[in-house]
Amino acid sequence: MATQAPPYRPVLPGFPPDDPARGDGGSTIAVTMRYAPLAFLLGMFTPVLEIDGQGVPAIWGRVATSVALGEHHVHVHVPYLMPARIGTAETTVLAVPGRTVELEYRAPLLSFLRGNLGVPPQRYPGLAAAVALLLLAATLLACGCVGIVISATS
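Presented here is a report on the structure given in the accompanying data block. (Residues numbered from 1 in each chain as written. Predicted model: local features only at pLDDT ≥ 70, side-chain atom pairs only at ≥ 80, totals over all residues. Heavy atoms only, no water.)

**Some details on the environment of Ala107**
Selection rule: By the criteria applied, helices consist of DSSP H or I runs no shorter than four residues and strands consist of E runs no shorter than two, each listed in order from the N terminus. When checking whether two residues touch, look at their non-hydrogen atoms; a contact exists if any pair is within 4.5 Å.
If you trace the backbone, Ala107 turns up in the loop between β7 (100-106) and β8 (116-118). Taking the C-alpha atoms as reference, Ala107 lies 7.4 Å from Ala36; in sequence the two are 71 residues apart. Sequence-distant contacts of Ala107, defined by excluding residues within four places in its chain, comprise Arg34, Tyr35, Leu42, Trp60, Tyr124 and Pro125.

Rendered as structure tokens:
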């Protein structure tokens, strides 16, 4: 017995592919939330995800939520020590029948920067500045160690 392929539906730019798991014609918003390994302390804090002002239980990783059809406002931030919230990012998405809107949130590497939220893949905000600060700190540490060795031998 031969199996029949599903009808061909081209993927339109700006619209996600059909989600066969959604047989009811509803829609889903899925947000994948990540932090960089250099910002490992963010793993101690749970990100905050809001859709249309309503809190959604969130974790670092992928969170999928069923939504009504139409436009939805998505907001993500990370509660922190100082400042109280970092990496604020928001966007508006259009939920269409039978589709999952895939978003990706990337937390910043420096606490005073905004996060990135949008269609994957996203970049970590502040990566170049964080690497530059790390290299500067390593250089200062090396110069200090060399200075101590030279003064001890003199």
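There's more to say after this.
**A short note on the packing of aromatic side chains**
Aromatic ring pairs are defined here through the distance separating the ring centres and the angle between the ring planes. Rules: Under the pairing criterion, centres of Phe, Tyr and Trp rings, with the six-membered ring standing for Trp, must be within 6.5 Å; the plane angle then separates stacked pairs below 30 degrees from edge-to-face pairs above 60, leaving the rest tilted. Cation placement over rings: the criterion is NZ of Lys or CZ of Arg within 6 Å of the ring centroid and within 35° of the ring normal.
Tallied over the full model, the rule gives two aromatic pairs. Between Tyr35 and Trp60, the ring centres sit 4.9 Å apart and the planes meet at 75°, which makes this aromatic pair edge-to-face. Taken together, the residues span a long stretch of sequence, with Tyr35 in the loop between β1 (27-34) and β2 (48-51) and Trp60 in the loop between β3 (54-56) and β4 (61-67) at a distance of 25 residues. Ring centres of Phe45 and Tyr80 lie 5.1 Å apart, and the angle between their planes is 55°; on these two criteria the pair is classed as tilted. Placement of Phe45 in the loop between β1 and β2 and of Tyr80 in the loop between β5 (70-79) and β6 (85-95) is noted, with a sequence separation of 35 residues between them. If you follow Arg106 out to its NZ or CZ, it ends over the ring of Tyr124, 4.4 Å from the centre.

**Considering the sheet that holds β6**
Where we set the bar: Strand pairing is assigned whenever DSSP detects at least two bridges linking the two strands. Each axis is a line fitted through C-alpha atoms, taken for helices only over the stretch in contact, and angles between the N-to-C directions span 0 to 180 degrees.
Taken together, the four strands give an open sheet; going across it, the order is β3-β2-β5-β6, and neighbouring strands pair in antiparallel fashion. Only two strands of the sheet have a single partner each, and these edge strands are β3 and β6. Here the average twist between neighbouring strands, direction ignored, is 25°. The pairing of β5 with β6 spans nine bridges and is classified as antiparallel.

**Some thoughts on unusual backbone geometry**
Among all residues except glycine, the phi angle is most often negative; among peptide bonds, the trans geometry is most common. With an omega of 0°, the peptide bond running from Met82 to Pro83 counts as cis. Mapping Pro83 onto the fold places it in the loop between β5 and β6. With an omega of 0°, the peptide bond running from Pro120 to Pro121 counts as cis. Tracing the backbone through its elements, the reader meets Pro121 in the loop between β8 and α1 (127-153).

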